[in-house]
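# Analysis of the macromolecular model
Chain by chain, the residues:
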There are 2 protein chains.
Amino acid sequence: MAVIRRLPKYHRYLGDLLDKDIQRISSKELSDIIGFTASQIRQDLNNFGGFGQQGYGYNVEALFNEIGKILGLDREYNAILIGAGNLGQAIANYSGFRKAGFEIKALFDANPKMIGLKIREFEILDSDDIENFIKNNKIDIAIMCIPKNGAQELANRLVNVGIKGIWNFAPIDLEVPQQVIVENVNLTESLFTLSYLMKEEQ
Amino acid sequence: MAVIRRLPKYHRYLGDLLDKDIQRISSKELSDIIGFTASQIRQDLNNFGGFGQQGYGYNVEALFNEIGKILGLDREYNAILIGAGNLGQAIANYSGFRKAGFEIKALFDANPKMIGLKIREFEILDSDDIENFIKNNKIDIAIMCIPKNGAQELANRLVNVGIKGIWNFAPIDLEVPQQVIVENVNLTESLFTLSYLMKEEQ
């Protein structure tokens, strides 16, 4: 799992290098930029098929594309976003996700005051219609930007209509069948890690 | 570091138990709720001073408070938030951080159209005034909700006026002196982890 957590970082740095038209890079140079050791980098990349050539370095574009494939970025994902508050709107407005192949197809909210409002090109839909929308629009991923209360019930509904992945911002560990993938973003846990490390530094 | 990443989760679950007025719990029961093994839990908590009593379980409130202390939650933190877009507003509006002792004292933005607008009790201030504000208001933490471009320059400015911690939402690895703590929230990396795991599940 630790390697997997590093792959998106490789992908990001390689994308930056491509933007700068850099076509070839050694593990030593990659190490200087990313901050992992060169031997860690060689080991990680060997794990996934050994992209480098001794004394020659890595082809940046080939490596970028290969890691993209490993990350499942060689396809498109249809997503819906549930909970159109500030956080949900921030995610809906972020163009980087679409560029990476994640297309948000609709926004949902349970609050009658929100339903019908427009966010970018989206009219906010009624949460009651989530099941029909998922079935009719081949939705792969649900982005849950709702509070803890009601999050498990919503996850159950999503699972029942065959959602494959949940990107969960609710501060709760969802119980789902094994074949459904949940990736949590827990902002409070991140903030508490910051305060812990600050305390240790004193 | 892995233990540290688990501590905020213990803290959250123990807080939930307290809300339900549960005063005592065994490592086995904790294991059923949190999902770590009972032996993992005993080992983690022993690391930090052995809170449990054989055959008696843990005192939920004492353990909650003790883990809070370890996480540095037994004090208050003054924070500023820079970048008052949707994400910044979502964070400024989240009452849970204040309850945990993190008080946002001001919002800043570089966009003249944003400066002067009100978000909750905050009038958005001009980013040019960040240094003065930090010096005059004993600010511990800066929350950076800005794009990648300009993030390192902003971090340099924050470091120069003595900020101790940065909660960074910009998709960039900031370079700061060792005594300054940076905790990153990288949403793209989280999303790519989701797509990777979904691909593996197919």
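In this text the structure is predicted, and so the values were computed from the model without any measurement.

A few words now on the pattern of salt bridges. Per the counting criterion, the structure on display carries 27 salt bridges over all chains. Put simply, lysine 199 of chain A and glutamate 200 of chain A hold a salt bridge, and the shortest N to O gap is 4.0 Å. By relative accessible area, lysine 199 of chain A is classed as partly exposed at 30%. Overall, the relative accessible area of 48% leaves glutamate 200 of chain A in the partly exposed class. Ionic contacts of the salt-bridge type, sharing partners, join the residues Lys9 and Arg12 of chain A together with Asp173 and Glu189 of chain B into one network.

The phi dihedral of arginine 120 of chain A falls on the positive side, at around 50 degrees, and the residue is not glycine. Here arginine 120 of chain A shows up in the loop between strand 5 (118-119) and strand 6 (122-123).

Rotating chain A by 180 degrees about the axis while translating it 0.0 Å along that axis superimposes it on chain B, leaving an RMSD of 0.0 Å. A rotation of that kind, with that shift, is consistent with a two-fold axis.

Listed per partner, the contact involves 58 residues of chain A and 58 residues of chain B. Carbon and sulfur atoms supply 65% of the area that chain A and chain B bury against each other, a total of about 5200 Å² over both sides. Counting every contact that joins chain A to chain B gives eight salt bridges. Residue glutamate 189 of chain B is joined to arginine 12 of chain A by a salt bridge in which the shortest nitrogen-to-oxygen separation is 2.9 Å.

Residues and elements named next belong to chain A. Ordered by their spatial adjacency, six strands build an open sheet running 7-4-3-8-9-10, and the pairing between neighbours is parallel. Each edge of the open sheet is held by one strand with a lone partner, namely strand 7 (125-126) and strand 10 (181-184). Sheet analysis places strand 3 (residues 77-82) next to strand 8 (residues 141-144), joined by four bridges and oriented parallel. Across the sheet, residue isoleucine 80 finds its bridge partner in strand 8, namely alanine 142. Across the sheet, helix 8 (residues 151-160) is in contact with strand 3, strand 8 and strand 9 (165-168); its angle to strand 8 comes to roughly 170 degrees.

Right, let's get into the domain arrangement of chain A. Segmentation of chain A into domains returns domain 1 (2-70) and domain 2 (77-189). Taking only C-alpha atoms into account, the centre of domain 1 of chain A sits 32 Å from that of domain 2 of chain A.

To continue, consider the nonpolar core. Core analysis: the largest hydrophobic core is formed by 97 residues, its most contacted members being Ile91, Ile143 and Trp167 of chain A together with Ile91, Ile143 and Trp167 of chain B. Aside from chain neighbours lying at most four places away, what touches isoleucine 143 of chain B is Ala79, Ile80, Leu81, Ile82, Ile91, Ile104, Trp167 and Phe169 of chain B.

Right, let's talk about the sheet that holds strand 4 (residues 102-109) of chain B for a bit. Residue and element names in this part refer to chain B. Spatial ordering of the open sheet is given by 7-4-3-8-9-10, a layout of six strands whose pairing is parallel. Each edge of the open sheet carries a strand with a single partner, namely strand 7 (125-126) and strand 10 (181-184). As paired elements, strand 3 (residues 77-82) and strand 4 share six bridges and run parallel to each other. Within the sheet, the bridge partner assigned to tyrosine 77 lies in strand 4 and is phenylalanine 102. Across the face of the sheet, helix 8 (residues 151-160) comes into contact with strand 3, strand 8 (141-144) and strand 9 (165-168) while running at roughly 170 degrees to strand 8.

Cut-offs and rules
Throughout this description, residue numbers start from 1 for each chain and increase along the sequence as written. Key to labels: chains lettered from A, ligands numbered from 1, both in the order written. Where totals are concerned, whole chains, interfaces and linings use all residues; where local detail is concerned, this predicted model gives features only for residues with pLDDT of at least 70, and gives and counts side-chain atom pairs only at 80 or more. In computing side-chain values, all of the structure's heavy atoms are included and hydrogens and water are not. For salt bridges, the criterion is a side-chain nitrogen of Lys or Arg within 4 Å of an Asp or Glu carboxyl oxygen. Summary of the burial criterion: residues with accessible area below 20% of their type's maximum are buried, those above 50% are exposed, and those between are partly exposed, where the area comes from a 1.4 Å probe applied to protein chains only. Every helix listed is a DSSP run of H or I at least four residues long, and every strand listed is a run of E at least two residues long, numbered separately from the N terminus. Residues below a pLDDT of 70 in either copy are left out; the C-alpha atoms of the rest, at least 70 in both, set the least-squares superposition of the copies. Pairs of residues are marked as contacts when any of their non-hydrogen atoms sit within 4.5 Å. Two parts placed together each lose some accessible area under a 1.4 Å probe, and adding up what both lose gives the buried area. Strands are labelled as partners when DSSP assigns at least two bridges between them. Axes here mean lines fitted to C-alpha atoms, for a helix over just the part in contact, with angles spanning 0 to 180 degrees between N-to-C directions. Those domain boundaries reflect an automatic or database domain assignment. The nonpolar core is taken to be a set of buried Ala, Val, Leu, Ile, Met, Phe, Trp, Tyr and Cys residues, with the residues joined through side-chain atoms within 4.5 Å.

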